[in-house]
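Geometric and topological summary
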Amino acid sequence: MNSIENIEEKLSEVFKKIDHIAYYNSQKVISAFWQEKVGEQHFASTTGYGYGDIGRDTLEKVYASVFKAEDALVRNQFVSGTHALSTALFALLRPGDTLLYITGKPYDTLDSVIGLNNNSSSLKSYNINYEQIDLVNDNFDIESINKCLQNKDIKVVAIQRSKGYSLRKSLDILKVEKVIKEIRKINQKVIIMVDNCYCEFVDTKEPIEVGADLCVGSLIKNLGGGIATNGGYIAGKKELIHLCSERLNVAGEAKEVGPSLGANKMFFQGLYFAPSVVASSLKTAVLAAYILESKGYEVEPKWYDKRADIVQLIKFNTKEKLIRFVQGIQLGSAVDSFALPEASDMPGYDDKIIMASGSFTQGSSIELSCDGPIKKPYVAFLQGGLTYEYGKIGILKAVEYLEK
Ligand SMILES: *Cc1c(COP(=O)(O)O)cnc(C)c1O
């Protein structure tokens, strides 16, 4: 086996491209800070109703600027990404309306939100219909999408970019841009919502720039930069953000309420670090892809592939190897390195899942983390790495434990 230095030499061109994108996105973030005149006063906190929270309001302007959106909602009242997605869907859809997912079955935690598993608080329980069009060979099925939009009255089209716990490829921004253009040819009114989890700052453009109306994500992933301790965001059209804020808070008290409770500085700083943290996560994923492929495991994406998100898939084919690798990641973590994870049932997920998350923030997956549903073909979903160096240590530790 090559020494790690030789491997990194081989990966240097890929790493350089990642650095270039991080530089571009850092310019985007710092320009937004300059434009909105971020100052010490914005780190102050509010309590109670949260009236007049200039830090929170400025943060949302900064997010809007980064996303080239009319407005944004960035809140610690969102538990995480799932909550932000759920809020957006309930805000946009009314009884009798139809939601159409054009990227196949959505992320597991949305099953109960949509009502795929008969939850009594689901969209379905409010008579909101659900339609789904699967991807074909990891691409949008334009023909079926067109037919559906022409024949049915669709209120919201949802696009999930990251693969979730499926084995499909994640969707890069160019593919999203193309499908939105196709949709707009036949329907100018349908609301296009993008689940952007794990994809922020992986490329130079974000969904609103390519025509989406609403873009949703988690702050315990990319944009929290490992600093945010919870939260979610929604960016997009002003009137849609208003609906989302009334759903999150209360009708009649839209964006004006919501105490920041000390979160403002964390959210600013997380966003500030995010381009660089995403780059570290990408390099960690590239290194893992290279090493595990060289050891005979099937990986997706490959080390040289253009990436759409920070997730690295590794197919272990046996339950034992999957568990060993995930446990190895835990052993290489900063927090709870002494704990050995076991597969268990998780709220919101269908199968038993084994999760390594030795993270400072519970469940944070912008920190080095790895999880795998205990089902064939025993695939690990690896992501995160606050710094490349710690990511590298974690990968080397996991490979060593796998082979021991
Ligand atoms: C992680 C994820 C979610 C849910 O985000 P949480 O912050 O874990 O609630 C939704 N969609 C996709 C594609 C994800 O990767």
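Up top you'll find the structure we're talking about.
On a predicted model such as this, the values are computed, not experimentally measured, just so you know. (Residues numbered from 1 in each chain as written. Predicted model: local features only at pLDDT ≥ 70, side-chain atom pairs only at ≥ 80, totals over all residues. Heavy atoms only, no water.)

1. A short note on the nonpolar core
Tyr63, Met193, Leu292 and Phe325 are the most contacted members of the largest nonpolar core, which totals 128 residues. With 15 residues, helix 8 (residues 264-294) is the largest single contributor of residues to this core. Ignoring any residue separated from it by four or fewer positions in sequence, one finds Phe325 in contact with Leu292, Ile314, Phe316, Cys370, Ala380, Leu382, Ala398, Val399 and Leu402. (Core = buried A, V, L, I, M, F, W, Y, C linked by side-chain atoms within 4.5 Å. Buried < 20%, exposed > 50% of the residue type's maximum accessible area, 1.4 Å probe, protein only. Helix = DSSP H or I, 4+ residues; strand = E, 2+ residues; numbered from the N terminus. Contact = heavy atoms within 4.5 Å.)

2. Regarding the site of the ligand
Neighbouring the ligand are 13 residues, the closest being Ser80, Thr82, Asp195, Ser218 and Lys221. Between the ligand and Thr82 there is a distance of 2.7 Å, counted from an oxygen atom to a side-chain nitrogen or oxygen. Between the ligand and Lys221 there is a distance of 2.9 Å, counted from an oxygen atom to a side-chain nitrogen or oxygen. Bound to the protein, the ligand loses 94% of the 380 Å² it would expose on its own. Among the detected pockets, the ligand sits in the largest pocket. Per-element tally for the shell around the ligand: the top contributor is helix 3 (residues 81-92), with 3 residues. (Near = heavy atom within 4 Å. Polar contact = N/O pair within 3.5 Å; in protein donor to acceptor, adjacent residues only side chain to side chain. Areas by Shrake-Rupley, 256 points an atom, 1.4 Å probe, with all protein chains shown as cover. 1 Å grid on protein atoms, 1.4 Å probe; cavity = no way out; pocket = protein on both sides within 12 Å on 5 of 7 lines; lining within 4 Å. Sits in = over half its atoms within 2 Å of the grid points.)

3. As for the layout of surface pockets
Quantified by volume, the largest pocket comes out at close to 960 Å³. Taken together, the elements giving at least two residues each to the lining of the largest pocket come down to helix 3, strand 10 (353-356), strand 11 (369-373) and strand 12 (379-383). Among the elements that make up the lining of the largest pocket, the one with the highest residue count is strand 10 (4 residues). By residue class, the composition of the lining of the largest pocket is 17 nonpolar, 21 polar and 5 charged. Lining the lining of the largest pocket are residues from two domains, each supplying at least three of them: domain 1 (3-22 + 275-402) and domain 2 (28-271). (Points joined across faces, edges and corners; volume = space filled by probe spheres on them. Nonpolar A, V, L, I, M, F, W, Y, C, P; charged D, E, K, R; others polar. Domains from an automatic or database assignment.)

4. Section: empty space enclosed by the protein
Across all of its chains, the model carries 2 cavities of 30 Å³ or more by this definition. The space that makes up the largest cavity amounts to roughly 40 Å³. Lining the largest cavity, in full, are Arg56, Leu59, Val74, Arg75, Asn76, Gln77, Gly258, Pro259, Ser260, Asn264 and Phe267. Taken together, the elements giving at least two residues each to the lining of the largest cavity come down to helix 2 (54-67), strand 1 (71-75) and helix 8. Here the residues of the lining of the largest cavity sort into 4 nonpolar, 5 polar and 2 charged. Lining the second largest cavity, in full, are Ile18, Ile21, Ala22, Phe201, Val202, Pro275, Val278, Ala279 and Leu282. Every element with two or more residues in the lining of the second largest cavity is listed here: helix 1 (4-35) and helix 8. Among the elements that line the lining of the second largest cavity, the one with the most residues is helix 8, at 4 residues. Of the residues assigned to the lining of the second largest cavity, the class counts are 9 nonpolar, no polar and no charged.

5. Focus on the packing of aromatic side chains
Counted according to the given criterion, the structure contains 17 aromatic pairs. Between Trp303 and Tyr304, the ring centres sit 5.3 Å apart and the planes meet at 80 degrees, which makes this aromatic pair edge-to-face. An aromatic cluster is defined as three or more aromatic residues linked by ring pairs; in this entry it consists of Phe33, Phe43, Phe268, Tyr272 and Phe273. Of note, Lys221 hangs over the ring of Tyr198, and the distance from its end group to the ring centre comes to 4.0 Å. (Phe/Tyr/Trp six-rings, centres within 6.5 Å; stacked < 30°, edge-to-face > 60°. Lys NZ or Arg CZ within 6 Å of the ring centre and 35° of its normal.)

6. Brief notes about unusual backbone geometry
Of the consecutive residues Glu300 and Pro301, the connecting peptide bond is found in the cis state with omega at -5 degrees. Its place among the elements puts Pro301 in the loop between strand 8 (298-300) and strand 9 (312-315). Note the cis peptide between Lys376 and Pro377, where omega equals 0 degrees. As for its position among the elements, Pro377 is in the loop between strand 11 and strand 12. Phi is positive for Phe201, which is not a glycine, with a value near 65 degrees. In this structure, Phe201 sits in the loop between strand 5 (191-195) and strand 6 (214-218). Under the relative-accessibility criterion, Phe201 is labelled buried at 3%. The backbone of Leu261 sits at a positive phi, close to 50 degrees, despite the residue not being glycine.

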